[in-house]
Amino acid sequence: MKFDTIIIGGGLAGLTCGLRLSRAGKKTAILSGGLNSLSFASGSIDLLGFLPDGGIVDEPFAAIQELIAERKDHPYAKAGMKTLRNALDFFA
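A brief report on the enclosed structure follows.

Rules used in this analysis
Residues numbered from 1 in each chain as written. Predicted model: local features only at pLDDT ≥ 70, side-chain atom pairs only at ≥ 80, totals over all residues. Heavy atoms only, no water. Axes fitted to C-alpha atoms, helices over the stretch in contact; angles between N-to-C directions. Helix = DSSP H or I, 4+ residues; strand = E, 2+ residues; numbered from the N terminus. Parallel < 35°, antiparallel > 145°, perpendicular 65-115°, else oblique. Left-handed = near helix turned anticlockwise from the far one by under 90°. Contact = heavy atoms within 4.5 Å. Nonpolar A, V, L, I, M, F, W, Y, C, P; charged D, E, K, R; others polar. Core = buried A, V, L, I, M, F, W, Y, C linked by side-chain atoms within 4.5 Å. Buried < 20%, exposed > 50% of the residue type's maximum accessible area, 1.4 Å probe, protein only. Phe/Tyr/Trp six-rings, centres within 6.5 Å; stacked < 30°, edge-to-face > 60°. Lys NZ or Arg CZ within 6 Å of the ring centre and 35° of its normal. Pairing = 2+ DSSP bridges. Right-handed = clockwise from strand over helix to strand, strands pointing away. Salt bridge = Lys/Arg side-chain N within 4 Å of Asp/Glu carboxyl O.

Let's shift gears to the packing of helix α2 (residues 60–70) against helix α4 (residues 81–91). The N-to-C vectors of α2 and α4 enclose an angle of 150°; their axes lie 11 Å apart at closest approach. One finds that α2 runs roughly antiparallel with respect to α4. Between α2 and α4 lies a crossing of right-handed hand. Here Phe61, Ile64, Gln65 and Ile68 of α2 come into contact with α4, specifically with Met81, Leu84, Arg85 and Leu88. Classifying every residue of the contact of α2 with α4 gives six nonpolar, one polar and one charged.

Spelled out as structure tokens, the structure:
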């Protein structure tokens, strides 16, 4: 068999990458040995559950806006709100 892409690892990142490549028309194989992270996953996406002070987040996007306003070096600040929303829409 011939593939455009071979992904090593069947965790969330590998499966997401494989899905995107497949939707883009690429013939893709995913190789996974044994148990992977999805075997232990809760089935939820952890966006932002707790604030740095330990407080519980009820409104994730509002809390992320505040977080990235304070911390420009945070990965969410580097990705940006549009990217975060698009990623969550993709998973949904």
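Take the nonpolar core next. Of all hydrophobic cores here, the largest spans ten residues; its members are Leu47, Leu48, Val57, Ala63, Ile64, Leu67, Ile68, Tyr76, Met81 and Leu84. Among the elements of the structure, α2 and α4 are those that each provide at least two residues to this core. If one sorts the elements of this core by residue count, α2 sits on top with four residues. Not counting the four nearest positions on each side in its chain, isoleucine 64 is found in contact with Leu47, Leu48, Tyr76, Met81 and Leu84.

For the structure shown, the criterion picks out zero aromatic pairs. If you follow lysine 27 out to its NZ or CZ, it ends over the ring of phenylalanine 3, 5.8 Å from the centre. Above the ring of phenylalanine 61, the side-chain terminus of arginine 85 is found at 3.8 Å from the ring centroid.

Sheet analysis places strand β1 (residues 5–8) next to strand β2 (residues 28–31), joined by four bridges and oriented parallel. Paired with threonine 5 across the strands is threonine 28, a residue of β2. Handedness of the crossover joining β1 and β2 through helix α1 (residues 12–23) is recorded here as right-handed.

The next thing to look at is the pattern of salt bridges. Under the definition given, this model contains one salt bridge. Where aspartate 73 meets arginine 71, a salt bridge forms, and the shortest distance between an N and an O atom there is 3.6 Å. For arginine 71, a relative accessible area of 38% puts it in the partly exposed group.

What follows deals with the environment of lysine 78. Relative to the elements of secondary structure, lysine 78 occurs in helix α3 (residues 75–79). Overall, the relative accessible area of 64% leaves lysine 78 in the exposed class. Considering only alpha carbons, one finds lysine 78 and valine 57, 21 residues apart in sequence, at a separation of 21 Å. Setting aside its immediate chain neighbours within four residues, lysine 78 contacts Lys72 and Asp73.

Attention shifts here to α4. What sets the pattern is the α-helix's 3.6 residues per turn: residues three or four places apart point alike. Those residues of α4 lying buried are Met81, Leu84 and Phe90. Along its buried surface, α4 packs onto α1, α2 and α3.

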